[in-house]
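Fold and contact review
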Amino acid sequence: MHSFSCHSFPCSRVMGCVCSNNIKVNPADLPNVLVLGLSGSGKTSLYYRLATGVFLTTQPTLGYNVQAVQLAKGLSVLLWDIGECTHWWYYYPSCQAILYLVDTTADPTAIQSAKQELQVCLEDPALPEHVPVIVVVNKTDSPRSLPTHRVVNKIVTAYMCRQRDIEVCGVSTVTGAGLETLVLKLRDLIRRNEGTMPKF
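Residues numbered from 1 in each chain as written. Predicted model: local features only at pLDDT ≥ 70, side-chain atom pairs only at ≥ 80, totals over all residues. Heavy atoms only, no water.

The backbone of Lys139 sits at a positive phi, close to 75 degrees, despite the residue not being glycine. Mapped onto the elements of the fold, Lys139 is located in the loop between strand 6 (133–138) and helix 3 (148–155). (Helix = DSSP H or I, 4+ residues; strand = E, 2+ residues; numbered from the N terminus.)

Attention now goes to the packing of aromatic side chains. A full pass over the atoms with the stated rule returns six aromatic pairs. A ring pair is formed by Trp88 and Tyr100, whose centres lie 6.5 Å apart and whose planes are at 80 degrees; its orientation type is edge-to-face. Linking Trp88 in the loop between strand 4 (75–82) and strand 5 (97–103) with Tyr100 in strand 5, this pair joins segments that are 12 residues apart in sequence. Note on Tyr100: relative accessible area 0%, which makes it buried. Seen in terms of ring centroids, Trp89 and Tyr90 are 6.0 Å apart; in terms of plane orientation they differ by 70 degrees. Their pairing is edge-to-face. (Phe/Tyr/Trp six-rings, centres within 6.5 Å; stacked < 30°, edge-to-face > 60°. Buried < 20%, exposed > 50% of the residue type's maximum accessible area, 1.4 Å probe, protein only.)

Turning our eyes to something else, we now look at the environment of Ser113. By the secondary structure assignment, Ser113 is in helix 2 (residues 108–123). The sequence separation of Ser113 and Leu38 amounts to 75 residues, and the corresponding C-alpha distance is 8.2 Å.

Structurally, the position occupied by Gly37 is in strand 2 (residues 32–37). Residues Gly37 and Val136, 99 residues apart in the sequence, show an inter-C-alpha distance of 9.3 Å. Leave out the neighbours within four places in its chain, and Gly37 touches Lys43, Glu84, Trp88, Tyr100 and Leu101. (Contact = heavy atoms within 4.5 Å.)

With seven of eight residues buried, strand 4 is to be regarded as a mostly interior element. Inspection of the sheet shows strand 2 paired to strand 4 by four bridges, in the parallel sense. When the bridges of strand 4 are listed, Val35 appears paired with Asp81. Across eight bridges, strand 3 (residues 64–72) lies against strand 4 in antiparallel orientation. Bridge pairing links Tyr64 to Ile82 in strand 4. Between strand 3 and the antiparallel strand that follows it, strand 4, lie two residues; Gly74 among them carries a positive phi value of about 85 degrees. (Pairing = 2+ DSSP bridges.)

Right, dumping it as structure tokens:
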């Protein structure tokens, strides 16, 4: 596995790990996809599941992890796992898509907090208007999980959808269910917005 210097990326001031799964392309040419969400929503599990194809037990991310990943034919991205305690806004200007994770087993208070954080994210002036968002409803394999549509109804508002492209996808990082659909949605959104994305 080839490692790239952190100084090649916009967040070199933050602790983290930068690596590649042997993609023969300059990481600076890849679209940046941020994996965001509250603590315990499964951000790092999704990051490693997409990067390695297997479920790994993880610890909360301090700072960030970033890896160049080929998710599907015609879709290679620079995938960023951003810790909850890190300033998300720092990464907004150069991102091309956001995967926002929500824990479908969370209690109503936590789901409300997830909604509030998503609203803050979408209203941040540092986030370009063209950047699409996929609300990833995670842990659908759990017996305690709520149906995806019920979680979405509690989090995504009509106002949010008027502002930018927002998609929804239920997944399980444990079983892998829904991940293929997630990747296809991400590919379509990135392609749809290619003409409006800045070059860095």
